[in-house]
Every structure is written in C-alpha cells, then in structure tokens.
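# Summary of the model geometry
Residue-level listing of the chains:
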Amino acid sequence: DGDGQCGVGYDPRVRPWYAAGVSGPKDVILVFDNTYDTTLISSTDRDWDYLNLAAKMIIQSLTPDDRVSVVSVKALQGEEYD
C-alpha cells in the first residue's frame, strides 16, 4: 500500500537481527517437563499450544552465535524431586 508500514503482527523484537543487536550472544536452556499426563489434555486446553509457540519464538530469535540446550525431564510415577 506504499505507506511504509509493516504487516499486522510484525514484531521486530523477535527477529534474529534485533535479538543479536540488543543482547549479543545468548546461552539458552529450554526445559520440557514431560511428567504431565497427556491423556488429560482436552481439545480446549490451549496451554500446550502456548508453550509450543513460546519455544518456537525463542528458537527463531537465536543467532549462529547463541548456544542452546534442550532438556527433557520425565519423573516416574510416584517419584518426587528434591
């Protein structure tokens, strides 16, 4: 349309070039807790969708200079963490 505006929903803060410019190299650890019983998730439960979206946004903001680790945790039934 020639008005110089970016599309609706465009957020430069989640672009890799912006993230690199304002913060420098990052060390990121994503921890996924798999102890949640997936059989309890209903079709209206949006928590999992929001968690996936957040993880994707973090990953998409990474640059080649960043370091990332992904940890998946699953406790056995009845097991507790101290």
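Note that the coordinates shown come from a computational prediction; the quantities given were computed from them, not determined experimentally. (Residues numbered from 1 in each chain as written. Predicted model: local features only at pLDDT ≥ 70, side-chain atom pairs only at ≥ 80, totals over all residues. Heavy atoms only, no water.)

## Focus: the environment of glutamine 60
Position of glutamine 60 relative to the elements: it lies in helix 2 (residues 47–60). Measuring from C-alpha to C-alpha, the distance between glutamine 60 and arginine 15 comes to 7.4 Å, with 45 residues separating the pair along the chain. When neighbours within four sequence positions are excluded, glutamine 60 is seen to be in contact with Val14 and Pro16. (Helix = DSSP H or I, 4+ residues; strand = E, 2+ residues; numbered from the N terminus. Contact = heavy atoms within 4.5 Å.)

## Some details on the pattern of salt bridges
On inspection of all chains with the given rule, the structure shows 2 salt bridges. The salt bridge involving lysine 26 is made with aspartate 66; its shortest N-O contact spans 3.0 Å. In this pair, lysine 26 sits in the loop between helix 1 (16–23) and strand 1 (27–33) while aspartate 66 sits in the loop between helix 2 and strand 2 (67–73), placing the two residues 40 residues apart along the sequence. Residue aspartate 66 is classed as buried on the basis of its relative accessible area, which comes to 11%. Of the charged contacts in the structure, one is a salt bridge between arginine 67 and aspartate 27, with a shortest N-O distance of 2.7 Å. (Salt bridge = Lys/Arg side-chain N within 4 Å of Asp/Glu carboxyl O. Buried < 20%, exposed > 50% of the residue type's maximum accessible area, 1.4 Å probe, protein only.)

## Quick notes on the side chain of serine 61
Here serine 61 lies in the loop between helix 2 and strand 2. In this structure serine 61 comes out as buried when scored by relative accessible area, which is 13%. At 2.8 Å, the side chain of serine 61 forms a polar contact with the backbone oxygen of isoleucine 58. Those residues in contact with serine 61 that lie beyond four places of it in its chain are Val14, Pro16, Ala19, Lys26 and Asp66. (Polar contact = N/O pair within 3.5 Å; in protein donor to acceptor, adjacent residues only side chain to side chain.)

## What about the environment of proline 25?
Within the secondary structure layout, proline 25 lies in the loop between helix 1 and strand 1. What makes proline 25 exposed here is its relative accessible area of 62%. The spatial distance from the C-alpha of proline 25 to the C-alpha of threonine 63 is 7.7 Å, given a sequence separation of 38 residues. Not counting residues up to four positions away in its chain, the partners in contact with proline 25 are Asp65 and Asp66.

## Concerning the confidence of the model for the chain
Mean pLDDT over the chain stands at 75; residues scoring 70 or higher make up 71%. When pLDDT is averaged over each element of the chain, strand 2 comes out on top at 88 and helix 1 at the bottom at 76. (pLDDT = per-residue confidence, 0-100.)

## Things to note about a nonpolar patch on the surface
Nonpolar side chains collect at one region of the surface, where Tyr10, Trp17, Tyr18 and Val22 lie side by side and expose about 440 Å² of accessible area between them. Tracing the chain through its elements places tyrosine 18 in helix 1. Residue classification places tyrosine 18 among the partly exposed residues on the basis of a relative accessible area of 31%. (Patch = residues over 30% accessible without salt bridge, like charges linked within 9 Å, V, L, I, M, F, W, Y side chains within 5 Å. Areas by Shrake-Rupley, 256 points an atom, 1.4 Å probe, with all protein chains shown as cover.)

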